[in-house]
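Given next are the chains, with one letter for each unit.
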Amino acid sequence: MKQVWILDRSSEHANELLAALPSHIYDTKIWSDGDDMLAALDESLPDLVVVEQAIEKPRATAVVRAVKERDRRLPIIVTAEQTSSKGAIESMREGAYDYLPRETLPGGLEDAARRALSGDGGLIQTIGSPGPGDVEELGAIVGRTPEMVEIHKLIGQVAETGVAVLIQGEPGTGKELVARALHYNSDRRGGPFIAVNCSAVTPESLDLDLFGAVTGADAGSGASPASELGRVEMADEGTLFFDDIDAMSLETQARVLSILEEGSFERPGTRKKVRADVRVVAATSRSLVSLMKEGSFRVDLFYRLKVVSLFLPPLRDRREDIAYLAGHFMRRAAAKMRREIDGISPAAIELLQEYPWPWNVRELEQSVHGAVAFNRTGVLVPEDFEVLRVGRESWPATGGTCRDLAAAVRTDFEQRTGAGEEAIARSITAVVEEELVRAALEECDGNQVRAAKLLGISRNTLRKRMAEEDR
Ligand SMILES: Nc1ncnc2c1ncn2[C@@H]1O[C@H](COP(=O)(O)OP(=O)(O)OP(=O)(O)O)[C@@H](O)[C@H]1O
Ligand SMILES: [Mg+2]
């Protein structure tokens, strides 16, 4: 029998969780007081601890830390009545094995418990002891869809490791926000966060900007050359964020590679090695794989960067987040402009959820800002949003055509192969096939003969695909 301790302030909630764990495998015990549970840990250790994020005095993150101090290998799962990016990031940073949002409970607990207890479960991370969380500086990353919760978890897991991180995603999906979260959750948080936009300047000036220059006047005069600090040195003991790294020249890429490999670089025009203690985070909205094929991105740098790679999904693929994001931006804009806005009308939310947002969260943020400025009634309505005022027929056609589908397939492919997944064809084609079947059945009011004809497949094939979908 595996001993599982559940810490939760609501016994009702704890009992629900308990019910998810088969009693012939798990011997469960419920605690309502964190200090009592921690004291009991000094007497005996269970195999798994489950803590609800909402507990107070001590807070869940403090419990995770205290448990890890007693036994670093004991796996802890944090459950969250109310999912939050801060909760997910901090729990994982303190060493939690997993973070389970309410939507995945209670069922998801059994899976997570099985994984946590299957051998090396508790060893997945050995993240060092954290200082006080610098949450004030950490811009909140709003998002409750499973994809976003995974991102919050990953940030918490890798922040303190100091490894390079590659963040991919369309423009405006929050890549810089994630880069900052990585910085403020790492032990470099006391150091600088220096963001460099590689596409904003010419490749030559980027090189100087980053690596400094030997000032010309002195260079010729025989006096020892003075040098101007580059941004790499400014980022010493901090984080260096390369935005649009795809725009970086091959020469600059070589110097960045040497920072990653040797912790030093050669200043342009000299042979002198300069030491660089920086954590590198890079972002791109283009496919580095295609750039490597063209020969404009170094393969070795790509593999160095993508040790940890993170993909931010486009906003139109996480529509459930739109209402939360819009509310978040509304409150911020209203406070800034000192306007009293009570909310967003359901009709406006519905339209916001349908609009394709080609520029993603950035575009939504600006739209909400505009709407708050424009609004006269205290509740945001569709007419307040410029993007929604134009007729639907003039909306940009993102995410609606087969060309976008091809791009999505490519991205999905790269993500999966990047994660080491194999045998991927089936799961990708299944998505397309299932969607076609669903659409055709809807169009034909469930009539299978007509749906099969519409799709140009046999009725047997249709049935087979429907059966697969049910599985
Ligand atoms: N999940 C989120 N929660 C709250 N704000 C967000 C979120 N994602 C993005 N934003 C906001 O949207 C704006 C764009 O985000 P950010 O600059 O991080 O995107 P980006 O991917 O770096 O964009 P670009 O590719 O254009 O450089 C910022 O103001 C950021 O604060
Ligand atoms: Mg950016």
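## Remarks on the site of ligand 1
Right, on to step 1. Taken together, 16 residues surround ligand 1, and among them Val142, Gly172, Lys175, Arg362 and Glu365 come closest.
Right, on to step 2. Here a nitrogen atom of ligand 1 and a backbone polar atom of Val142 are 2.8 Å apart.
Right, on to step 3. Note that an oxygen atom of ligand 1 is positioned 2.8 Å from one of the side-chain N or O atoms of Arg362.
Right, on to step 4. Calculation on ligand 1 without its partners gives an accessible area of 630 Å², and the protein chains cover 85% of this total.
Right, on to step 5. Those elements that provide at least two residues to the shell around ligand 1 are α7 (175-184), α14 (320-337) and α16 (360-374).
Right, on to step 6. Residues belonging to the shell around ligand 1 are distributed by class as follows: eight nonpolar, three polar and five charged.
Right, on to step 7. Looking at which domains feed residues into the shell around ligand 1, each of domain 2 (162-312) and domain 3 (315-394) supplies at least three.

## Some thoughts on the packing of α14 against helix α15 (residues 346-354)
Right, on to step 1. With their axes 9 Å apart at the nearest point, α14 and α15 run at an angle of 120° to one another. Here α15 runs oblique to α14, going by the angle between their axes. Relative to α15, the crossing made by α14 is right-handed. Touching Ile322, Ala323 and Ala326 of α14 are Ile349, Leu352 and Gln353, all from α15.
Right, on to step 2. When the residues that make up the contact of α14 with α15 are grouped by side-chain class, the tally is five nonpolar, one polar and no charged.

## Remarks on the nonpolar core
Right, on to step 1. Residues Leu210, Val232, Leu240, Phe242, Met248, Phe297 and Leu305 are the most contacted members of the largest nonpolar core, which totals 30 residues.
Right, on to step 2. Residue assignment for this core shows that the elements contributing at least two residues are β7 (193-197), α8 (203-211), β10 (238-243), α11 (250-262), β13 (278-284), α12 (288-294) and α13 (299-305).
Right, on to step 3. Setting aside residues up to four positions removed in sequence, Leu240 forms contacts with Ile194, Val196, Arg231, Val232, Ala235, Val278, Arg279, Val280 and Val281.
Right, on to step 4. Ranked by size, the runner-up nonpolar core spans 27 residues in total, among them Val142, Phe329, Tyr355 and Val372.

## A short note on the domain arrangement of the chain
Right, on to step 1. For the chain, the assigned domains read domain 1 (2-139), domain 2 (162-312), domain 3 (315-394) and domain 4 (402-470).
Right, on to step 2. On a C-alpha basis, the centroid separation for the pair domain 2 and domain 4 is 41 Å.
Right, on to step 3. Across the domain 2/domain 4 interface, buried area totals approximately 430 Å², and carbon plus sulfur atoms make up 49% of it.
Right, on to step 4. Here domain 2 is connected to domain 4 by zero salt bridges.
Right, on to step 5. Counting across the domain 2 and domain 4 interface gives zero residue pairs in polar contact (both at pLDDT 80 or more).
Right, on to step 6. Among the residues making up the side of domain 2 that touches domain 4, the classes are represented as two nonpolar, one polar and two charged.

## A look at the side chain of Thr61
Right, on to step 1. The residue Thr61 is located in helix α3 (residues 60-70) in this model.
Right, on to step 2. Among all residues touching Thr61, those that are not within four sequence positions of it are Glu90, Ser91 and Glu94.

## Some thoughts on the pairing of strand β4 (residues 76-80)
Right, on to step 1. With five of its five residues buried, β4 lies for the most part within the structure.
Right, on to step 2. On β4, burial covers both faces: Ile76, Val78 and Ala80 on one face and Ile77 and Thr79 on the other are all buried.
Right, on to step 3. Of the pairings in the sheet, the one linking strand β3 (residues 48-52) to β4 comprises four bridges and is parallel in character. What sits directly across from Val49, in β4, is Ile76.
Right, on to step 4. Viewed along the sheet, the connection from β3 through α3 into β4 turns out right-handed.
Right, on to step 5. Relative to strand β5 (residues 98-101), β4 runs parallel, the two being bridged by four bridges. Across the sheet, the residue bridging to Ala80 is Pro101, located in β5.

## Focus on the environment of Val307
Right, on to step 1. Looking at the element boundaries, Val307 is found in the loop between α13 and β14 (308-312).
Right, on to step 2. Given the relative accessible area of 58%, Val307 is considered exposed.
Right, on to step 3. As for Val307 and Ala164, which are separated by 143 residues in sequence, their C-alpha atoms are 6.7 Å apart.

## Thoughts on the packing of aromatic side chains
Right, on to step 1. Throughout the structure, instances matching the rule amount to six aromatic pairs.
Right, on to step 2. Measuring from centroid to centroid gives 6.1 Å for Phe193 and Phe241, while their planes differ by 25°, and the two rings are stacked. A residue pair is termed long-range when its members are at least 10 positions apart, and Phe193 in strand β7 and Phe241 in strand β10 qualify at 48 residues. As far as burial versus exposure is concerned, Phe193 and Phe241 are alike and both buried.
Right, on to step 3. With 5.0 Å between their ring centres and 55° between their planes, Phe211 and Phe265 make a pair best called tilted. Here Phe211 is found in helix α8, whereas its partner Phe265 is found in strand β11 (residues 264-266), with 54 residues between them in sequence.

Reading guide: rules and limits
Residues numbered from 1 in each chain as written. Chains lettered and ligands numbered in written order. Predicted model: local features only at pLDDT ≥ 70, side-chain atom pairs only at ≥ 80, totals over all residues. Heavy atoms only, no water. Near = heavy atom within 4 Å. Polar contact = N/O pair within 3.5 Å; in protein donor to acceptor, adjacent residues only side chain to side chain. Areas by Shrake-Rupley, 256 points an atom, 1.4 Å probe, with all protein chains shown as cover. Helix = DSSP H or I, 4+ residues; strand = E, 2+ residues; numbered from the N terminus. Nonpolar A, V, L, I, M, F, W, Y, C, P; charged D, E, K, R; others polar. Domains from an automatic or database assignment. Axes fitted to C-alpha atoms, helices over the stretch in contact; angles between N-to-C directions. Parallel < 35°, antiparallel > 145°, perpendicular 65-115°, else oblique. Left-handed = near helix turned anticlockwise from the far one by under 90°. Contact = heavy atoms within 4.5 Å. Core = buried A, V, L, I, M, F, W, Y, C linked by side-chain atoms within 4.5 Å. Buried < 20%, exposed > 50% of the residue type's maximum accessible area, 1.4 Å probe, protein only. Buried area = accessible area lost by both parts, 1.4 Å probe. Salt bridge = Lys/Arg side-chain N within 4 Å of Asp/Glu carboxyl O. Pairing = 2+ DSSP bridges. Right-handed = clockwise from strand over helix to strand, strands pointing away. Phe/Tyr/Trp six-rings, centres within 6.5 Å; stacked < 30°, edge-to-face > 60°.

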